[in-house]
Each structure stands twice: as C-alpha cells, then as structure tokens.
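Structural features, examined
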Amino acid sequence: MEWAKDDSLDTLQCEILNDGSSPVFCLPYIEIIMTPTKKGKTTHIKIERKRRQAQDDESVVHVAGGQHQGLVIAKDSGDADLDLGKPQLQLGFMCFLVDQKTNDHFVESRKLKFWYVDGTDYYNQVTTAYEFFKELVRPENFPRDYVGFIKKCMKQMQGQRYSLAKKIDLEIQHLDKGEAPLSPGFGKEDTRPIEEIVREKLLTVLESAYPNVLAVEDLVRITASDETIVLQQLQELRGRELIREMEKGGFVRQVLDEKTGGTEVQMVKQMPTIAANQQPTIAIITALYHEKMAVDSMMDNKTTYVRYKTEGESNVYTTGFIGEHKVVSTKLPQIGHFRAAQISSGSITTRLLGTFQNIEHVFIVGVAGGVPRFADYYRHPRLGDIIFSKRDAKGYLYYYCDKITQDKEGEINYNLKTWAPRDVELQRIVERIQESRGANPEYAPWERYMQEGQELLKGQEASYMRPPPETDRLYMDIGDKQVIEVQHPEPPDGIKRRTDVPAVHFGVMGAGRPVRQEVSRHDFCSRYNIVACDSEFDQVLESIVGNRKDSFMFVRGVSDYIDGMHSKEWQPYAALAAAAATKAIIKSLHNPQLDDD
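Please read these numbers as outputs of a predicted model, since none were measured by experiment. Residue positions are given per chain, counted from 1 along the sequence in the order it is written. Where local features are concerned, this predicted model is filtered to residues with pLDDT of at least 70; where side-chain atom pairs are given and counted, the filter is 80 or more; whole-chain, interface and lining totals use all residues. Think of the side-chain values as coming from all heavy atoms in the structure, minus any hydrogens and water.

Its location among the elements puts leucine 164 in the loop between helix H3 (146-158) and strand E7 (165-175). Relative accessibility thresholds used throughout: buried, under 20% of the residue-type maximum; exposed, over 50%; partly exposed, between the two (1.4 Å probe, protein chains only). Taking relative accessible area as the criterion, leucine 164 reaches 29% and is therefore assigned partly exposed. Sequence separation of leucine 164 and threonine 128 is 36 residues, and the distance between their C-alpha atoms is 7.2 Å. A run of H or I in DSSP becomes a helix once it reaches four residues, and a run of E becomes a strand once it reaches two; helices and strands are each numbered from the N terminus.

Here you go:
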C-alpha cells in the first residue's frame with residue numbers, strides 16, 4: 001500500500017469526489033463541508049454539517065454534484081481555524097501501517113473529536129460516536145489510504161444515522177520512529193536462550209493439562225522441541241518443585257503445598273467417602289491453572305485431592321470453606337471444541353456433579369475477553385476489571401454461536417444456544433451488588449479478598465499482582481498485516497477512575513468458534529449486548545443443566561479483549577479478581593444448613 005503522506009491538501013477535492021462510489025442519503029438543505037488545516041506534522045480535517053450556502057462563497061474550493069451531491073471542499077483555513085474549542089467526546093487510535101511498495105512500517109496517530117447539536121445527552125453522544133467509529137474502522141472495508149479515510153468520514157456524516165453530530169475534527173499526525181509505540185507485531189522476536197523458551201513452554205503445557213499426566217513424547221510433540229532439551233528442562237522444573245514425575249515417566253504440574261495457604265494435597269486412586277453433612281453445596285469450575293490457584297486462595301481449611309491416571313483423564317478437587325459454605329473447586333484439563341476437549345469439559349463437569357451430589361450452586365470462574373465500548377467510558381471494560389454475569393431481558397446469561405448463516409437478502413444470522421438459570425438466587429445477589437455500587441461506588445468487598453489472596457500466592461511462580469497500566473493496550477486487526485491501536489475512552493469531566501483496583505461490569509457472556517474473527521465477534525457482541533467473550537463453555541453448561549442444577553453463573557476477570565486466552569500477562573491478576581468477587585457473592589449467600597430447627 002502506498003500511504004499518502006499529506007504532501008498536498010489542495011488535491012483532496014478531486015480525489016475525494018471522483019471515486020465512482022454510490023450516492024448516500026443526504027439530509028435536505030444540508031451540506032457536509034470539509035475544511036483542511038495543516039500545521040507542522042499535524043493535519044486537522046474539520047467536517048461540519050451546515051445549512052446549504054451559496055456556491056460562490058470565496059472560501060469554497062469545490063462543490064460536488066451527482067453521486068457526491070452535498071459534499072463541499074473549503075479552502076485551507078490556516079491557523080485561524082485551529083482553535084475549535086473543547087470537543088464533547090473524543091476517540092483516539094494509532095494506525096500501524098505497512099507501505100506495500102517499500103515494506104516500511106510507520107505509525108499515525110488519529111483523533112476523532114465530536115461536537116453535537118444542543119441538548120444531546122451523554123447516552124446519544126456515546127451511541128453516535130461509537131456507531132460512527134465502528135462503521136469507520138470496520139476491518140473488511142477500512143480505508144487503506146489517507147484520502148479514502150477522509151472521504152469515508154464525509155460520506156458517513158451525510159447519513160441521518162449521525163445527524164446529532166454537527167461537527168467532527170479529524171486530527172492526523174504522522175509519528176517519527178522515536179515517537180511511535182511498537183505494535184504487537186513489530187520488534188517482538190524472542191531472543192532468549194532456547195532452553196528458557198522450552199522451559200516456559202513445558203510449564204505452560206503442563207499447567208494447561210493439569211491435573212492430567214503427560215508423557216515425555218507428548219511434551220516433545222506439543223512444544224515442537226528437541227527431546228534432549230525437553231528432558232533437561234523437565235529435570236530443571238522438577239528440581240524447582242514445579243512439576244512431579246509420576247509412574248511410567250509421565251509428568252504433572254505440582255501444586256506448591258506450603259505456598260497456597262496450607263493446602264494439603266493428596267494423590268489418590270479413588271476419592272475418599274465424604275459424610276453427607278460434610279458434602280459441599282457449592283461448586284466452582286475453572287479452566288486455567290492460575291484460575292484454580294486463585295479460587296483456592298479464597299478458601300479456608302482446604303484439602304486437594306488429585307484422582308490421577310497415568311494415562312487418560314485425571315481429576316482434581318479442592319474442598320474447603322468460603323464463609324459458612326462448604327465449597328469444592330475443580331479444573332478442566334482443557335476446553336474448547338477440539339474433539340477431545342469437547343468430550344472432556346462436559347464429562348469432567350458431569351463427574352464433579354456426580355461425585356458431589358449435594359451441589360446447589362455452580363460458579364464458572366476465571367478470565368475472559370472484555371468487549372470494547374470505544375466511546376462509552378462507563379461500559380468499557382479495562383484489563384483486570386470484574387464482570388458478573390447478569391440475565392438480559394430474555395432471561396439469558398450466556399449466548400453460544402455454533403454457526404453463522406446468510407439469508408437471501410444477505411442478512412447475517414447467528415445460530416444460537418442460550419442458557420438461563422431457573423433458580424435466580426445468585427442473580428438477586430448480583431442485582432444487590434449493582435445497587436450497592438450505584439449508591440456507593442466505593443463498595444468493593446472483593447478488594448480485601450484480593451489483597452489476602454495476593455499474600456497467600458506470592459510464593460507462586462506467576463505473579464498475581466496488578467501489571468503496569470501501560471500494558472493495557474487495545475488493538476484491532478484491519479487485515480493485510482495492519483493494525484490499529486484504539487485509545488481507551490476518556491472519562492467525562494469531573495469523573496476520576498482509580499487505576500489500582502478493578503472496576504465492575506454486569507451483563508451476558510458469549511462465545512463460539514464462528515465468531516472469533518474481528519468482524520463477526522464485534523457484530524455478534526453488539527447484536528446481543530454481550531459484555532465478555534470466553535473460550536467456549538457450552539459443553540460445561542449442557543452438563544450443568546443436564547444434571548438439573550438450576551443455579552449457576554459466571555464471574556470473570558478481563559485479561560484481554562478477545563477471549564481471555566490471548567494475553568498471559570494479565571491472567572493471574574484477572575483470575576484473582578474473579579475469584580475474590582466470587583467469594584463476595586458466596587459470603588452473601590444464605591446457608592439453610594445453619595438455620596435453627
């Protein structure tokens with residue numbers, strides 16, 4: 001791609017108005033006037049909606065006709081028009097671009113500033129800006145050149161859909177190499193010694209598989225590493241007590257007993273019998289090792305049972321107390337829709353509920369990908385935030401897409417599976433939390449539980465502390481190896497957000513292999529008002545409902561902006577946030593076993 005470096009604003013009118021595109025709906029007697037201004041490395045493109053004016057105005061360079069009727073190009077206004085006043089809403093993003101002729105990488109900073117007609121409330125300001133931005137950066141037709149981007153902004157301003165926006169200022173600045181941040185795909189070559197890389201891969205694989213035992217040949221195949229190096233690094237990890245060697249030479253991730261609050265770990269062939277009055281009534285299901293450690297750090301008087309097999313599927317159960325409730329947690333060795341994983345996640349859930357038959361409430365706890373709300377400060381999730389699943393107007397709290405179809409009119413349809421708890425006791429607690437937060441934003445009992453968990457987990461290999469705020473970056477893939485980084489929405493005037501603790505969000509969860517691509521995921525989430533996506537728990541939910549457990553919910557910590565699995569840096573902290581929030585709910589839950597006779 002040859003990206004125009006803004007050498008001549010004077011040629012914009014002929015390029016913008018002669019592309020052969022289709023006409024769009026125009027508001028009567030309204031013109032869209034574009035006024036360019038350049039100062040130094042920064043170009044301002046003011047796009048304004050005004051009443052139709054005389055065509056002999058000296059400030060006008062060109063008035064379009066035909067398919068571009070209603071578009072007007074004004075003269076460069078110089079410095080006189082740079083002071084536009086403070087916008088009512090602003091969206092910023094970085095474009096990481098590649099010149100297709102030279103293959104050079106370069107970065108542009110772009111800001112969209114919005115002014116609205118008098119009386120436009122915050123909700124409509126946010127909605128207009130978000131829809132405008134979403135249409136503008138849609139990956140399948142993102143403008144690949146400077147002129148095309150401006151043209152698309154002008155065309156969109158013609159539509160009645162954005163009639164509340166009376167003026168937009170597009171600020172474009174080409175960044176020098178020293179100023180530009182690195183994109184996720186640039187300068188990321190791993191230069192560590194091969195031994196260190198393999199060691200990290202082995203630990204990650206064994207944590208993902210935990211509590212399953214993996215043979216050496218499986219580890220060599222999965223990590224695609226030399227067997228000699230794999231064997232050396234396995235012994236290194238074993239010496240650090242991070243893994244355990246089992247029968248027949250297999251390996252399993254080892255829980256650091258003394259570093260998880262006194263957890264007693266028992267390796268058993270069969271689960272011991274637990275008396276009826278000692279049976280747990282709450283089950284917590286996790287999928288990642290960090291999630292399981294975080295949940296277990298919330299328990300008191302706990303014992304971990306690893307029911308293992310040298311070949312095949314093992315199970316791990318940790319029983320203990322959260323408040324006055326007996327709880328059991330487990331970890332799925334893997335999730336998703338690969339054949340083995342699909343069978344595994346459902347069957348392990350069924351085995352959990354069969355082993356502990358007094359379960360009344362089921363929590364699915366861990367990390368997820370927050371769904372960005374680029375223009376809405378209040379609804380936009382940030383890394384480390386907490387999301388409570390809350391039923392929508394139809395009563396659903398989880399949407400799973402198993403297929404995307406297109407009808408004869410070209411309309412996209414999502415084939416859905418949905419789940420709704422029949423018992424709404426947990427939902428009532430979530431509603432009370434939401435009401436408490438509304439009345440007192442400082443209400444956050446989970447913050448203390450997080451601090452206690454961080455203290456218990458400080459000896460673990462992973463850090464459960466909050467990562468630096470500069471690592472919270474939001475990217476969008478627009479195809480052809482090109483990426484934009486979207487700035488997080490700025491708070492309204494007078495609003496200050498603490499950056500050292502999680503914010504809290506409420507809403508429905510979603511997932512599905514067909515909606516993993518950028519375009520389909522954003523459309524899917526927008527259509528069903530989904531607040532977070534995960535790595536597919538449909539089989540787990542099928543098992544929960546099939547075993548007639550009527551009370552269930554998700555509690556998630558935001559670790560990335562896709563599905564929770566794409567960024568490891570925030571996973572431990574986000575998992576701990578979700579575990580602490582779950583503890584807050586459980587401690588608010590009535591325990592009928594303690595009622596007086």
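This part covers the packing of helix H7 (residues 289-296) against helix H13 (residues 571-587). Close contact between H7 and H13 brings their axes to 8 Å; oriented N to C, the two are set at 40°. Taken together, H7 and H13 sit at an angle that is classed as oblique. Handedness of the H7/H13 crossing: right-handed. On the side of H7, the interface is formed by His290, Glu291, Ala294 and Val295, while H13 contributes Gln571, Pro572, Ala575, Leu576 and Ala579. Under the grouping applied here, Gly and all other residues not named as nonpolar or charged are polar, the nonpolar ones being Ala, Val, Leu, Ile, Met, Phe, Trp, Tyr, Cys and Pro and the charged ones Asp, Glu, Lys and Arg. Its residues assigned to classes, the contact of H7 with H13 shows six nonpolar, two polar and one charged. Angles here are taken between N-to-C directions and fall from 0 to 180 degrees, while the axes themselves are lines fitted to C-alpha atoms, restricted in helices to the stretch in contact. Angle categories: roughly parallel below 35 degrees, roughly antiparallel above 145, roughly perpendicular from 65 to 115, and oblique for all the rest. By definition, any crossing whose near helix is turned counterclockwise from its far helix by less than a right angle is left-handed, and any crossing with a clockwise turn is right-handed. In this analysis, two residues are considered to be in contact whenever any of their non-hydrogen atoms come within 4.5 Å of each other.

A few words now on the pattern of salt bridges. Here a salt bridge means any side-chain nitrogen of Lys or Arg lying within 4 Å of a carboxyl oxygen belonging to Asp or Glu. The final tally for this structure, using the stated rule, is 24 salt bridges. In this structure, glutamate 131 engages arginine 161 in a salt bridge whose closest nitrogen and oxygen atoms are separated by 2.7 Å. Placement of glutamate 131 in helix H2 (residues 122-136) and of arginine 161 in the loop between H3 and E7 is noted, with a sequence separation of 30 residues between them. Taking the relative accessible area as the measure of exposure, glutamate 131 reaches 17% and is therefore buried. In this structure, arginine 240 engages glutamate 461 in a salt bridge whose closest nitrogen and oxygen atoms are separated by 2.8 Å.

Our focus in this paragraph is unusual backbone geometry. The omega torsion of the bond from tyrosine 210 to proline 211 falls at 10°, within 30 degrees of zero and hence cis. Among the structural elements, proline 211 can be located in the loop between helix H4 (194-209) and helix H5 (216-223). Backbone geometry places asparagine 301, a non-glycine residue, at a positive phi of 50°. Looking at the element boundaries, asparagine 301 is found in strand E12 (residues 300-307). Overall, asparagine 301 belongs to the exposed group, its relative accessible area being 68%.

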